[in-house]
Structures are given as C-alpha cells and as structure tokens.
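Topology and contacts: notes
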Amino acid sequence: MEKKYCYEYPHPAVAADCIVFAFDGKNIFLLLIERGNEPYKGCWAFPGGFMNIDETAHDAAIRELKEETGLVIKKIQQLGAFTDVDRDPRERVISIAFYSLIKNKSDNICGSDDAAKAKWFNIKDIPKLAFDHQLILNKAKNKIKTKLQFEQSDIEYLEDKFSAEEIKIIISIL
C-alpha cells in the first residue's frame, strides 16, 4: 500500500480541546471529562482529542465535545495553540484550544468514546487537571474576563446572550 503522506522530517500530532463554562445566574461551572485511557487515566481533563486529517481544529473541538460528553454547541472561540514540547507523554502534540460560555449547564451529559465520565465542576472547586490543562484553564478564564470587561461588542461567539448584570457577576467570579 502506497503511503499518501510521507515526509522525511518528523511532525507533530494536532489535538483540539474544548473549554466549556456554564453560568447558572450565581455560579460558573466547568465541563470536564474523566480520562478513560492512559496517559492520565482517571484524571480530569477538557473534552478533546486528535484532529482528523479532513477537518478543521474548530470542527474537531466541536466533534470531540459531542463524542465525549454528548453536549452540542455551535459557538466556540479559539483561545490559542499550546505547543510545549513535553505537554503530552505519548508523542509531540500541539493542542488548539477553544472556549465557550453558555447559560445553564446541561444535565444531559455523559462520558462516552474514550471519556469514562463527564461532569460539571464549580469553577471554585476544580480538581487537578491532566496535561497542561490548568495553564489552558487560566488563560481561558482571563480571556473571557477581558473580553467581557473591554470588548462587549465582540462577544458574538457566546452561545447565549447575557444581561449586563449577568456579565458583572461572571467577571467577579472569574
């Protein structure tokens, strides 16, 4: 069988992660999955996984979110690329992270695919996270807080609409 893609130089794998925050009017929650496989089996992480050769990172993040948790959202915003050389012990992996803020956490989530569980955690009580996900979480929180404080005209990426009072509460929590 002839190889379609064959290169002389090694190249990294690309993953997409999805950081989903939910605001219920008083608290902010973060959607995490319990990893069902090594590395970090049994640890909590963002829904995410490897990008297929025929999809964008955006599409991969939405697909992985649905596959691992059952949650379907359409509006996500790219946070950035995470490229530390040793961020994944399996191989050289670059992760492109996306985030979203929704109203009311869905109770219709469950771990599937390679996620053992899916669960909402209060943002004030996040467990230790796998990989470099704590770093990514901190950047996502800061990004949302900054966008809500200074760029309210540029928040059409949000899945739901939030009132000025709700935005004030979200900023104070983050």
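So, a few notes on the structure that sits alongside this text. (Residues numbered from 1 in each chain as written. Predicted model: local features only at pLDDT ≥ 70, side-chain atom pairs only at ≥ 80, totals over all residues. Heavy atoms only, no water.)

**Considerations on the packing of helix α2 (residues 133–150) against helix α3 (residues 164–173)**
Closest axis-to-axis distance for the α2/α3 pair is 9 Å, and the angle between their directions is 145 degrees. The chirality of how α2 crosses α3 is left-handed. Two secondary-structure elements touch here, α2 through Lys145, Leu148 and Gln149 and α3 through Ile167, Ile170 and Ile171. For the contact of α2 with α3, the class distribution of residues is 4 nonpolar, 1 polar and 1 charged. (Axes fitted to C-alpha atoms, helices over the stretch in contact; angles between N-to-C directions. Helix = DSSP H or I, 4+ residues; strand = E, 2+ residues; numbered from the N terminus. Left-handed = near helix turned anticlockwise from the far one by under 90°. Contact = heavy atoms within 4.5 Å. Nonpolar A, V, L, I, M, F, W, Y, C, P; charged D, E, K, R; others polar.)

**Some points on the pattern of salt bridges**
Using the criterion set out here, one finds 7 salt bridges in the structure. Residues Glu67 and Arg63 are paired through a salt bridge, measuring 3.2 Å at the closest nitrogen-oxygen approach. Here Glu67 and its partner Arg63 are both found in helix α1 (residues 57–69), 4 residues apart, which amounts to about one turn of the helix. Residue classification places Glu67 among the partly exposed positions, given a relative accessible area of 30%. The salt bridge involving Asp132 is made with Arg87; its shortest N-O contact spans 2.8 Å. Of this pair, Asp132 sits in the loop between β7 (115–122) and α2 while Arg87 sits in the loop between β5 (77–82) and β6 (93–103), placing them 45 residues apart in sequence. You can call Asp132 buried: its relative accessible area is 13%. (Salt bridge = Lys/Arg side-chain N within 4 Å of Asp/Glu carboxyl O. Buried < 20%, exposed > 50% of the residue type's maximum accessible area, 1.4 Å probe, protein only.)

**Focus: the side chain of Ser100**
Here Ser100 lies in strand β6. Ser100 gets classed as buried once you look at its relative accessible area, which sits at 0%. One polar contact links the side chain of Ser100 to the main-chain carbonyl oxygen of Lys75, over a distance of 2.9 Å. Sequence-distant contacts of Ser100, defined by excluding residues within four places in its chain, comprise Ile19, Val20, Phe21, Ile73, Lys75, Ile76 and Glu159. (Polar contact = N/O pair within 3.5 Å; in protein donor to acceptor, adjacent residues only side chain to side chain.)

**Some thoughts on the packing of aromatic side chains**
Throughout the structure, instances matching the rule amount to 3 aromatic pairs. Look at Trp44 and Phe121: their rings are 4.9 Å apart centre to centre, the planes differ by 75 degrees, and that puts the pair in the edge-to-face class. Note that Trp44 is positioned in strand β3 (residues 44–45) and Phe121 in strand β7, a separation of 77 residues in sequence. Exposure remark for Phe121: the relative accessible area of 10% places this residue in the buried category. Lys103 extends its terminal NZ or CZ atom over the ring of Phe162, reaching a point 5.5 Å from the ring centre. A cation sits over an aromatic face here: Lys105 above Phe29, 4.8 Å from the ring centre. (Phe/Tyr/Trp six-rings, centres within 6.5 Å; stacked < 30°, edge-to-face > 60°. Lys NZ or Arg CZ within 6 Å of the ring centre and 35° of its normal.)

**Quick look at α3**
Residues of α3 that are buried include every one of Glu166, Ile167, Ile170, Ile171 and Ile173, and no others. Projection of α3 onto a plane perpendicular to its axis shows the buried side chains occupying an angular sector of 165 degrees, all on one side. For α3, exposure combined with an orientation more than 90 degrees from the buried face picks out Ala164, Lys168 and Ser172. The elements touched by buried residues of α3 are β1 (13–23), β2 (28–35), β6 and α2. (Arc of directions from axis to C-beta.)

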